[in-house]
Amino acid sequence: MVDASPPISERGISRRLVETLVALSLLGVAGLALWDSYGRGAGWDNGPENGFFPARVAWILVIAAIATLVSALRREESVFVTYSQLRLVAQVFVPLFLYVLAIAFVGIYVASALFMALFMVMLGSFRWWQTLLAVVLTPLIIFWVFELQFRVPLPKGPLETMLGY
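Just so it is clear, the model here is predicted, and its values are computed rather than measured.

### Topic: the pattern of salt bridges
Note on pairing: side chains with opposite charge can pair once their charged atoms come close. Applying the stated criterion to the full structure yields four salt bridges. Between R75 and E19 there is a salt bridge whose closest N-O contact spans 3.1 Å. Note that R75 is positioned in the loop between α2 (52–74) and β2 (79–82) and E19 in helix α1 (residues 15–40), a separation of 56 residues in sequence. By relative accessible area, E19 is classed as buried at 17%. Put simply, E147 and K156 hold a salt bridge, and the shortest N to O gap is 3.1 Å. Judged by its relative accessible area of 12%, E147 is buried. Among the residues examined, K156 registers a relative accessible area of 27% and is labelled partly exposed.

If you want it as structure tokens, here you go:
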């Protein structure tokens, strides 16, 4: 006998909520742009003033955001992203966020090595020696290319200071 019951839909964040939040965020950005543009002068006095073109772009953004908001509020309820999908995104976003924060404290080279090691061990199926090789060689090559060849200083931390860089 075949089970004819409908599949249980997974719970998640609604598309209406996401689109409403995006529309309101765009309205906020457009409002800031308009405030700044009109503060600089958005008219046409013997030619365009400093804020003329940014104000026109901001008004277009206002119209698009309002259209998005109206569309979102009229939309039927549906799931934009399930909680299991959101968990997968968080597995990448949270370490990436911590990586960006770590750059300020330990420098880009150490933070990059830790970030790569985390992903290679937790999400990849690499052998320990492959991980160690990548974690050591990649920051060294990046250091050689940017710091020594191009002479572009990247954010450094206490380790590089201790080594004299």
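### A word on the layout of surface pockets
The computed volume of the largest pocket comes to approximately 230 Å³. Taken together, Y109, V110, A113, V135, V136, P139, L140, F143, L159, E160, L163 and Y165 make up the lining of the largest pocket. For the lining of the largest pocket, the secondary structure elements donating two or more residues are α3 (83–122), α4 (128–149) and α5 (158–162). With five residues, the top contributor of residues to the lining of the largest pocket is α4. Counted by class, the lining of the largest pocket contains 11 nonpolar, no polar and one charged residues.

### Some words on the UniProt feature "transmembrane region" (unreviewed entry) in the protein chain
Those residues carrying the UniProt feature "transmembrane region" (unreviewed entry) are residues 17–35, 55–73, 93–122 and 128–146 in this numbering. Across residues 17–35 one finds 100% helix and 0% strand; the C-alpha atoms that close the span lie 27 Å apart. Taken as a whole, residues 128–146 contains 100% helix and 0% strand, while its terminal C-alpha atoms sit 27 Å from one another.

### Observations concerning the UniProt feature "domain: DUF1468" (unreviewed entry) in the protein chain
Here, UniProt's "domain: DUF1468" (unreviewed entry) annotation points to residues 21–155. The distance separating the terminal C-alpha atoms of residues 21–155 is 34 Å; by composition the span is 78% helix and 3% strand.

### Concerning a nonpolar patch on the surface
Residues Y83, L86, V89, F93, V94, F97, L98 and L101 make up a contiguous nonpolar surface patch of roughly 750 Å² in combined accessible area. If you trace the backbone, F93 turns up in helix α3. Judged by its relative accessible area of 52%, F93 is exposed.

### Regarding the packing of α1 against α2
The description of two packed helices rests on the angle between their axes and on the distance between the axes. Direction vectors running N to C along α1 and α2 enclose 160°, while the axes themselves pass 8 Å from each other. Classified by the interaxial angle, the pair formed by α1 and α2 is roughly antiparallel. Our pair here, α1 against α2, has a crossing hand that is left-handed. Partitioned by chemical class, the residues of the contact of α1 with α2 number 20 nonpolar, three polar and three charged.

### Things to note about α1
Between its terminal C-alpha atoms α1 stretches 37 Å, which fits the 38 Å expected from 26 residues at 1.5 Å a residue. Buried residues along α1 sit in contact with α2. Within two residues after α1, G41 carries a phi angle of roughly 110°, on the positive side.

### Observations regarding the side chain of E147
Mapped onto the fold, E147 is located in helix α4. A polar contact is formed between the side chain of E147 and the side chain of Y109, at a distance of 2.9 Å. Those residues in contact with E147, other than ones at most four positions away along the chain, are Y109, I142, V152, P153, L154 and K156.

Criteria and thresholds
- Once a new chain begins, its residue numbering starts again from 1 and follows that chain's sequence as written.
- Under the rules for a predicted model, residues below a pLDDT of 70 receive no local features and side-chain atom pairs below 80 are neither given nor counted, while totals for whole chains, interfaces and linings still include all residues.
- With hydrogens and water stripped out, all remaining heavy atoms of the structure feed into the side-chain values.
- The salt bridge definition used is simple: a Lys or Arg side-chain nitrogen within 4 Å of an Asp or Glu carboxyl oxygen.
- Helix and strand labels come from DSSP, where a helix needs a run of H or I of at least four residues and a strand needs a run of E of at least two; each type is numbered from the N terminus.
- Relative accessibility thresholds used throughout: buried, under 20% of the residue-type maximum; exposed, over 50%; partly exposed, between the two (1.4 Å probe, protein chains only).
- In the cavity and pocket records, a cavity denotes points on a 1 Å grid over the protein atoms alone where a 1.4 Å probe fits but cannot get out, a pocket denotes an open set with protein on both sides within 12 Å along at least 5 of 7 lines, and lining residues are residues with an atom within 4 Å of a point.
- Grid points are joined across faces, edges and corners, and a volume is the space filled by probe spheres set on the points.
- Three classes are used, and their members are as follows: Ala, Val, Leu, Ile, Met, Phe, Trp, Tyr, Cys and Pro are nonpolar, Asp, Glu, Lys and Arg are charged, and the others, Gly among them, are polar.
- UniProt positions are given in the numbering used here, feature names are shortened, and annotations may be inferred rather than shown by experiment.
- Each patch groups residues whose relative accessible area exceeds 30% and which form no salt bridge, using 9 Å between like charges and 5 Å between nonpolar side chains of Val, Leu, Ile, Met, Phe, Trp and Tyr.
- In these tables, accessible area is a Shrake-Rupley quantity obtained with a 1.4 Å probe, and a residue counts as shielded only by the protein chains included in the view.
- Axis definition: a line fitted to C-alpha atoms, limited for helices to the stretch in contact. Angles are taken between N-to-C directions and run from 0 to 180 degrees.
- Here roughly perpendicular refers to angles of 65 to 115 degrees, roughly parallel to angles under 35, roughly antiparallel to angles over 145, and oblique to all remaining angles.
- By definition, any crossing whose near helix is turned counterclockwise from its far helix by less than a right angle is left-handed, and any crossing with a clockwise turn is right-handed.
- To estimate the expected span of a helix, count its residues, drop one, and scale the result by 1.5 Å.
- In this analysis, two residues are considered to be in contact whenever any of their non-hydrogen atoms come within 4.5 Å of each other.
- N or O atoms within 3.5 Å of each other form a polar contact, as long as, within protein, one can give a hydrogen and the other can take it, and as long as residues adjacent in sequence are counted only when both atoms are side-chain atoms.

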